[in-house]
Structure formats: C-alpha cells, structure tokens
Amino acid sequence: MNKNRPHGVYTNLIAPRGTNLRSNRRLISPLLSSALSETAMFLRRCAGDNPTLFRYDDWWEHDGLHLPRKDELIDFDVLFSLVETPQSLEAAMTGDLDVVAGVAPPNFQWYLRFYLETESSGSSAREREGRFDITLPEHFVEDYCQQVVAPLALQMQAQDSLAYYVSIGMGSYPYS
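Per chain, residues are indexed from 1 in the order of the written sequence. Thresholds applied to this predicted model are a pLDDT of at least 70 for local features of residues and 80 or more for the giving and counting of side-chain atom pairs; totals over whole chains, interfaces and linings are not thresholded and use all residues. Derived side-chain values reflect all non-hydrogen atoms in the structure, with water molecules and hydrogen atoms excluded from consideration.

> Which parts of the structure should I look at to understand the overall build of the protein chain?
Helix and strand assignments follow DSSP, with helices taken as H or I runs no shorter than four residues and strands as E runs no shorter than two, numbered in order from the N terminus. A tally of regular secondary structure across the protein chain gives five helices and 10 strands. Here the analysis covers contacts within the protein chain between residues at least 6 apart in sequence; of these, 71% occur between residues at least 24 apart. Here, Shrake-Rupley sampling with a 1.4 Å probe gives the accessible areas, and only protein chains in the shown set may cover a residue. Accessible surface computed for the protein chain: about 8,200 Å², of which carbon and sulfur atoms make up 51%. Any two residues whose heavy atoms approach within 4.5 Å are treated as being in contact.

> Could you clarify how one ought to interpret the pattern of salt bridges in this entry?
Pairing of side chains with opposite charge becomes possible as their charged atoms draw close. Salt bridges, as used here, are contacts in which a Lys or Arg side-chain nitrogen is within 4 Å of a carboxyl oxygen on Asp or Glu. Within this structure, the stated rule accounts for four salt bridges. Residue glutamate 129 pairs with arginine 26 through a salt bridge whose shortest N-O separation is 3.9 Å. Separated by 103 residues along the polypeptide, glutamate 129 in strand β9 (residues 129-136) and arginine 26 in the loop between β3 (19-23) and β4 (27-28) bring together distant segments of the chain. Per-residue accessibility, obtained with a 1.4 Å probe over protein chains only, is compared with the maximum for each type, and a residue is labelled buried under 20%, exposed over 50%, and partly exposed between these values. Take glutamate 129: its relative accessible area is 32%, and that puts it in the partly exposed class.

> Please clarify how helix α1 (residues 29-47) should be interpreted in this entry.
Since the α-helix turns once every 3.6 residues, residues separated by three or four places project in the same direction. What a helix should span is 1.5 Å times the count of its residues minus one. The end-to-end C-alpha distance of α1, which contains 19 residues, comes to 26 Å, matching closely the 27 Å that a straight helix rising 1.5 Å per residue would cover. Taken together, the buried positions of α1 are occupied by Ser29, Leu32, Ser33, Ala35, Leu36, Ser37, Thr39, Ala40, Phe42 and Leu43. Buried positions along α1 lie against β4, α2 (76-83), α3 (86-92), β8 (111-116), β9 and α4 (138-149).

> In this structure, what is going on with the packing of aromatic side chains? I would like to understand it.
Ring pairs (aromatic) are described by centroid distance and by the angle formed between their planes. Working definition: a ring pair exists when centres of Phe, Tyr or Trp rings (six-membered ring for Trp) sit within 6.5 Å. Plane angles under 30 degrees give stacked, over 60 give edge-to-face, the rest tilted. The tally for this structure, following the rule as stated, stands at five aromatic pairs. Cluster of aromatic residues (ring-pair linked, three or more members): Phe42, Phe140 and Tyr144.

> What is the right way to look at unusual backbone geometry in this model?
Trans peptide bonds make up most of the peptide bonds, and negative phi angles are found at most residues other than glycine. For phenylalanine 108, which is not glycine, the phi dihedral falls at a positive 55°. Within the secondary structure layout, phenylalanine 108 lies in the loop between β7 (100-104) and β8. A relative accessible area of 11% places phenylalanine 108 in the buried class. At alanine 153, a residue that is not glycine, the phi angle is positive and equals roughly 55°. Of note, alanine 153 is situated in the loop between α4 and β10 (156-160).

> Looking at this structure, how should I read the environment of aspartate 49?
Within the secondary structure, aspartate 49 is located in the loop between α1 and β5 (53-59). Residues aspartate 49 and phenylalanine 76, spaced 27 residues apart in sequence, show a C-alpha to C-alpha distance of 10.0 Å.

> How should I be thinking about the nonpolar core in this particular structure?
One broad trend across soluble globular proteins is that nonpolar side chains are buried collectively. The criterion is simple. A nonpolar core is a set of buried Ala, Val, Leu, Ile, Met, Phe, Trp, Tyr and Cys residues joined through side-chain atoms within 4.5 Å. With 35 residues, the main nonpolar core has Leu79, Phe114, Phe132, Leu136 and Tyr144 as its most contacted residues. For this core, the secondary-structure elements that each account for two or more residues are α1, α2, α3, β7, β8, β9 and α4. Counting residues per element, this core draws most heavily on α1, which supplies six residues. When residues no more than four places from it in sequence are discounted, the contact partners of phenylalanine 114 are Leu36, Val83, Leu89, Ala92, Met93, Val100, Ala101, Val103, Arg131 and Phe132. Of all hydrophobic cores here, the second largest spans nine residues; its members include Phe54, Ala104, Tyr111 and Tyr164.

> I tried to follow α2 on my own but got confused; where do I start?
Residues Phe76, Leu79, Leu82 and Val83 constitute the buried set of α2. Seen from one end, α2 has its buried residues packed into an arc of 115°, which puts them on one side. Two or three places before aspartate 77, at the start of α2, stands the capping residue aspartate 75, its side-chain oxygen 3.1 Å from that residue's backbone nitrogen. Directions pointing from the helix axis toward each C-beta atom define the arc. Between N or O atoms, a polar contact is any pair within 3.5 Å; within protein, one atom must be a potential hydrogen donor and the other a potential acceptor, and residues adjacent in sequence are included only when both atoms are from side chains.

> Can you walk me through the pairing of β8 in this structure?
The side chains of a regular strand alternate between both faces of the sheet. The element β8 is largely enclosed, with a buried count of six among its six residues. Neither face of β8 is exposed, since Tyr111, Arg113 and Tyr115 on one face and Leu112, Phe114 and Leu116 on the opposite face are all buried. For two strands to be treated as a pair, DSSP must find at least two bridges joining them. By the bridge criterion, three bridges tie β7 to β8 in an arrangement that is antiparallel. Each bridged residue has a counterpart across the sheet, and for alanine 101 the counterpart in β8 is phenylalanine 114. In this structure, the hairpin formed by β7 and β8 is closed by a connection of six residues, where phenylalanine 108 is found at a positive phi of approximately 55°. Pairing geometry for β8 and β9, over six bridges, is antiparallel. When the bridges of β9 are listed, leucine 112 appears paired with isoleucine 134.

Here it is in structure tokens:
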C-alpha cells in the first residue's frame, strides 16, 4: 500500500496519521480504567478548550463496520465518566465480541479505542480484562509515553497508524 495515499474515510471517521500505541497484553479492568483515565487527562490537556468528541461502536475487528453511536456527540466529562471505573467501562461496551468503544475529536487528530470483556465471561467487572490503543500525531507520542505509559509501567507496542488500521480490518474498505 502506498504510504503517500491519504488515510481513508470510513463512515465519518478519518483515520488519523501518526503512531498507534496499543497495550501489549490484556489489562485487568482496574489498570485498564487507570490507563484510560490518564489517557483522557492527557488528551484533555492537549485539546485546550473542551471540544466536542465523537463516540463510535468500532466493529472493525468483529465484522468490519464502524458506526457512530446514537449518543455520538460527547465531551471530555463524558469520556472521563465512561472510563473512570471497571463498572463504567463495562457499561460502555456493546456486549459483542471484539466490538470496541471509539472516541475521536472532530479534526480526527487522534483516535482512542478500548475494550473490556463482557459479563458472559463469568467474572465481575473488576476481574475482567481488556485492552486499549490510541493513535496520536507524532508530536504527541513522546509526551504521552512520558506522562502516561511510563508512570503506569504499561507495555505498549508502537506501529504506524496506517499499518495498524489495515491490520484490524480497516484496509478492506476503499479510500475516499
């Protein structure tokens, strides 16, 4: 695939350019919640004013769809409430296997995706495991690693964003 091609438009998401950082292993829900809360605080600091955010049901890894939620317009206060506890993470999930929650600003500068196992796994929300990834522009990556990844001792894998999105199924759709 030509790296000079623009990223695609899928539904109303433009895949952000930059680096995708994803958790190397599944995280127990309290650590996932902490990592997502710290990530949301980092993004809030980078955003300046409290911009509107878009919320998605991201089915790329499930069956290739990417759908804005009915309550698609949120702000950072809502994002914080979605990730602040294992129970709120559980409530943010659709309940479908590998359908992740997605959040992006209107300019699609970054994209945050997260997933927590559903209750069908037979354990409480605090015992369940999940994962997350975030795509950031290059000029945010080092600060994110210093301010979020290092203090929480997270193990993250970095990958070019286009390669990452192709690997999870986004690449099967035509570019706009």
